[in-house]
Amino acid sequence: MSIDYSQKIPNNVDLSSNKTLQRALEHWQPAYLDWWNEMGPDKTSTAEVYLRTAISVDPKGWAHFDHVRMPDYRWGIFLAPAEVDRKVNFGEHKGQPAWQEVPGEYRSTLRRIIVTQGDTEPASVEQQRHLGMTCPSLYDMRNLFQVNVEEGRHLWAMVYLLHAHFGRDGREEGEALLERRSGDADNPRILTAFNEKTPDWLSFFMFTFITDRDGKFQLAALAESGFDPLSRTCRFMLTEEAHHLFVGESGISRIIQRTCEAMASHKTDDPAKLRAMGVIDLPTLQKYLNFHYSVTSDLYGAEISSNAASFYTNGLKGRYEETKLGDDHRLDTAEYPVMEVVGDRIITRHVPALTALNERLRDDWVKDVQGGIDRWNKVPEKLGIPFRFTLPHKGFHRKIGIFGELHVSPEGKVISEAEWTHKHRDWLPTAEDRAFVQSLMGRVAEPGKFANWIAPPSRGINNQPVDFEYVRFN
Ligand SMILES: [Fe+2]
Ligand SMILES: [Fe+2]
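Residues numbered from 1 in each chain as written. Chains lettered and ligands numbered in written order. Predicted model: local features only at pLDDT ≥ 70, side-chain atom pairs only at ≥ 80, totals over all residues. Heavy atoms only, no water.

*Asks:* I'd love a proper account of the overall build of the protein, names of residues and values included.
*Replies:* Along the protein, the regular secondary structure elements total twelve helices and seven strands. Taken against the 2.2 N^0.38 rule, which gives 23 Å for 474 residues, the C-alpha radius of gyration of the protein at 23 Å falls within 12% of a compact globule. Viewed in the frame of its principal axes, the protein has a C-alpha envelope of about 65 × 65 × 40 Å. Partitioning the intrachain contacts of the protein with sequence separation of at least 6 by distance along the chain shows that 71% fall at a separation of at least 24. Total accessible area computed for the protein in this model is approximately 19700 Å², and 50% of it derives from carbon and sulfur atoms. For the protein, the distance from the average site of its 57 positive side-chain charges to the average site of its 67 negative ones is 2 Å. (Helix = DSSP H or I, 4+ residues; strand = E, 2+ residues; numbered from the N terminus. Rg over C-alpha atoms; globule rule 2.2 N^0.38 Å. Contact = heavy atoms within 4.5 Å. Areas by Shrake-Rupley, 256 points an atom, 1.4 Å probe, with all protein chains shown as cover. Lys, Arg positive; Asp, Glu negative; His and termini not counted. Charge placed at Lys NZ, Arg CZ, Asp CG, Glu CD.)

What follows is the structure, given as structure tokens:
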């Protein structure tokens, strides 16, 4: 499964054997580059960035690192190797051969699933496009751009599927993916979280820690799909996603480290004093966590969903690690616990598992987020600081599902509108908090130098030193 870089569009799908498809994608390619130049990282057309590029889809050693001008990055089409005799592994078609072509009856549903996933990829690039101007270091700037080019490639991945399997409709969707804009009033991106701003690096790290992790779980569920090309493309995307999660988790961890060091050396936990020292106090970090966690939780949709049930029954979208689960993979009789609000009490009841697949995927994501929080909490623990980060209750600050019409405190108490109005400033970033974080953002672009509010990483990228020239300006 080596990648052919001699082609205009690098690929491992033998694109040159299908001239019609190749021409269609070569036609889309300049439109994509126009989009990148207009909406990709701001003022970077001449910068050379130490980027990894896929050279094979082998899980070991697929990456090649070098300084690259971003518009020259070789975006291409890479699928994980086909699994011999792969079957549909769940739902009513379980045991049948996996589909190499789209089953007619699922055509519009699959197209919608692919377009919705595809839309998030350019959206995040648009959300992050100004961050290079305020990077805390060259190391971080390089990581931002690595994430950006790979989100661009994920768009390629979805557009390939649309072109290869959905004919004219697919090509039209491919164009529309370049036309929507994050946050645009007239033509926004499809999902709400992808129309929010990513105005500062704290938001960026929270986004890559939490929202890219939603990406991981959505891709993992689609990697189980009975539609084999979708499965194969998602499996390769997941290998790229792991780095995005690392960028977010380690970024926040370094911020916590810096703040905790200031707290320990000045023997204070007073947010005002810490802010005066130019570090971000831990309660403010907790508020950003609450915000990104709750907004991203909505991406999983309503707890009870007939759409999710039919995606599963039809073999289109599985559960996280479907093939490792030891049940009937049909969910004819299984149940799953979901929360329900009765009066002002939140209770748990069991519902048919088939209808609760959104909730199940959300729970898998929550567990994974919690793992990262536990690792963050080791930082204050080591420095003898009692503060611990916690995830708010699932019902906190939700817009979709059973909690959508209610106010719930981070502790999980259903509260009145008045109490919410009184208290929400303690739980979510206020305009002043955001202004403070914004005030710290200034560009640090000298090798080995880091902004005051974030600790250096413990090691560099690809065994390079921390003070390596990760981005060269010409
Ligand atoms: Fe992505
Ligand atoms: Fe990502």
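*Asks:* I'd like to hear about unusual backbone geometry, residue by residue, with values.
*Replies:* Residues other than glycine seldom take positive phi values, yet His 329 does so here, at roughly 60°. Given the relative accessible area of 9%, His 329 is considered buried. The backbone of Leu 331 shows a phi angle near 60°, a positive value even though the residue is not glycine. Examined against the element boundaries, Leu 331 turns out to sit in the loop between α9 (306-313) and β3 (335-342). (Buried < 20%, exposed > 50% of the residue type's maximum accessible area, 1.4 Å probe, protein only.)

*Asks:* Kindly report on the environment of His 397, identifying the contributing residues and their values.
*Replies:* Relative to the elements of secondary structure, His 397 occurs in the loop between α10 (357-382) and β5 (407-408). Looking at His 397, the relative accessible area reads 16%, which means it is buried. In this structure, the C-alpha to C-alpha distance between His 397 and Glu 172, residues 225 residues apart in sequence, is 36 Å. When residues no more than four places from it in sequence are discounted, the contact partners of His 397 are Phe 291, Ser 294, Val 295, Val 408, Trp 420 and Leu 428. Among the polar contacts listed, one links the side chain of His 397 to the side chain of Ser 294, at a separation of 2.8 Å. (Polar contact = N/O pair within 3.5 Å; in protein donor to acceptor, adjacent residues only side chain to side chain.)

*Asks:* Just give me the short version of the coordination of the iron ion (ligand 1), but keep the residues and values in it.
*Replies:* Protein coordination of the iron ion (ligand 1) is provided by Glu 121 (OE), Glu 151 (OE) and His 154 (ND1), with donor distances spanning 2.0 to 2.2 Å. Here the donor residues of the iron ion (ligand 1) share one chain and are spaced in sequence as E-x29-E-x2-H. Separating the iron ion (ligand 1) from the iron ion (ligand 2) is a gap of 3.5 Å, which Glu 151 spans by donating to each of them. Of the two residues, Glu 121 sits in helix α2 (residues 107-127) while His 154 sits in helix α3 (residues 138-165), which places them 33 residues apart along the sequence. (Donors = N, O, S within 2.8 Å, 3.2 Å for Na, K, Ca; no water.)

*Asks:* Tell me about the packing of aromatic side chains, and name the residues and values.
*Replies:* The geometry of an aromatic ring pair is captured by two quantities: the separation of the ring centres and the angle between the planes. This structure, assessed with the given rule, holds 30 aromatic pairs. Ring geometry for Tyr 300 versus Trp 365: centroids 5.2 Å apart, planes at 40°, classification tilted. Taken as a pair, Tyr 300 in the loop between α8 (282-297) and α9 and Trp 365 in helix α10 lie far apart in primary sequence, 65 residues in all. Overall, Tyr 300 belongs to the buried group, its relative accessible area being 3%. Put simply, the rings of Trp 28, Tyr 32, Trp 35, Trp 36, Tyr 73, Trp 75 and Trp 156 pair up and form one aromatic cluster. Above the face of the Tyr 288 ring, Arg 434 is positioned so that its terminal group lies 5.1 Å from the ring centre. A cation sits over an aromatic face here: Arg 434 above Phe 291, 5.0 Å from the ring centre. (Phe/Tyr/Trp six-rings, centres within 6.5 Å; stacked < 30°, edge-to-face > 60°. Lys NZ or Arg CZ within 6 Å of the ring centre and 35° of its normal.)

*Asks:* Quick one: what's the story with the coordination of the iron ion (ligand 2), residue by residue and with numbers?
*Replies:* Four donors placed tetrahedrally around a metal ideally meet at 109.5 degrees, and six donors placed octahedrally ideally meet at 90 or 180 degrees. Distances from the iron ion (ligand 2) to its protein donors, Glu 151 (OE), Asp 212 (OD), Glu 241 (OE) and His 244 (ND1), fall within 1.9 to 2.2 Å. Around the iron ion (ligand 2) sit four donor atoms, and with donor-metal-donor angles ranging over 90 to 176° the site reads as irregular. Between the donor residues of the iron ion (ligand 2), the gaps in sequence give the motif E-x60-D-x28-E-x2-H. (Tetrahedral: all angles 85-135°; square planar, octahedral: opposite > 155°, others 65-115°.)

*Asks:* Pulling in residues and values, what's your account of the sheet that holds strand β1 (residues 48-54)?
*Replies:* One open sheet accounts for three strands, arranged β2-β1-β7; its pairing is antiparallel. Looking at which strands have only one partner, the edges of the open sheet turn out to be β2 (63-69) and β7 (471-472). Direction of pairing for β1 relative to β7: antiparallel, over a ladder of two bridges. Within β7, the position partnered with Val 49 by the bridge is Val 471. (Pairing = 2+ DSSP bridges.)

*Asks:* Talk me through the pattern of salt bridges; I want residue IDs and the actual numbers.
*Replies:* Close approach of charged atoms lets side chains of opposite charge pair. Going through the model one piece at a time under the given rule, you end up with 35 salt bridges. Among the ionic pairs, Asp 228 bridges to Arg 86, the shortest N-O distance being 2.8 Å. With a gap of 142 residues between them, Asp 228 in helix α6 (residues 228-266) and Arg 86 in the loop between β2 and α2 connect regions that are remote in the sequence. Both residues of the pair, Asp 228 and Arg 86, count as buried. Salt bridges linked by common partners bring Glu 38, Asp 119, Glu 126, Arg 180, Arg 181 and Arg 189 together as one network. (Salt bridge = Lys/Arg side-chain N within 4 Å of Asp/Glu carboxyl O.)

*Asks:* Report on α10, specifying residues and quantitative values.
*Replies:* Since the α-helix turns once every 3.6 residues, residues separated by three or four places project in the same direction. Spanning 26 residues, α10 covers 38 Å between terminal C-alpha atoms, matching the ideal 38 Å at 1.5 Å per step. Looking one or two places after α10, you find Gly 384, whose phi comes out positive at around 70°. (Expected span 1.5 Å × (residues − 1).)

*Asks:* Would you mind going over the environment of Ser 16 in detail, with residue names and values included?
*Replies:* Note on placement: Ser 16 falls in the segment before α1 (19-39). Residues in contact with Ser 16, not counting those within four places in the same chain, are Gln 7 and Gln 22.

*Asks:* How would you summarise α1 if you had to cite specific residues and measurements?
*Replies:* The terminal C-alpha atoms of α1 lie 30 Å apart, and with 21 residues this matches the ideal 30 Å at 1.5 Å per residue to within 8%. Within the sequence span of α1, burial applies to Leu 21, Gln 22, Ala 24, Leu 25, Trp 28, Gln 29, Tyr 32, Trp 35, Trp 36 and Met 39. Of the surrounding secondary structure, the elements contacted by the buried residues of α1 are α2, α3 and α4 (167-179).

*Asks:* Got a sec to walk through the pairing of strand β4 (residues 345-352)? Specific residues and values, please.
*Replies:* Both β3 and β4 contribute to a ladder of eight bridges, which runs antiparallel. Within the sheet, the bridge partner assigned to Glu 335 lies in β4 and is Pro 352. Turn length for the β3-β4 hairpin, with the two strands adjacent in sequence and antiparallel, is two residues, and the turn residue Gly 343 shows positive phi of about 60°.

*Asks:* Before we move on, can you summarise the side chain of Gln 7 with the specific residues and values?
*Replies:* With respect to the secondary-structure elements, Gln 7 resides in the segment before α1. At 3.2 Å, the side chain of Gln 7 forms a polar contact with the side chain of Gln 22. The contacts of Gln 7, once residues within four sequence positions are left out, are Ser 16, Gln 22 and Arg 74.

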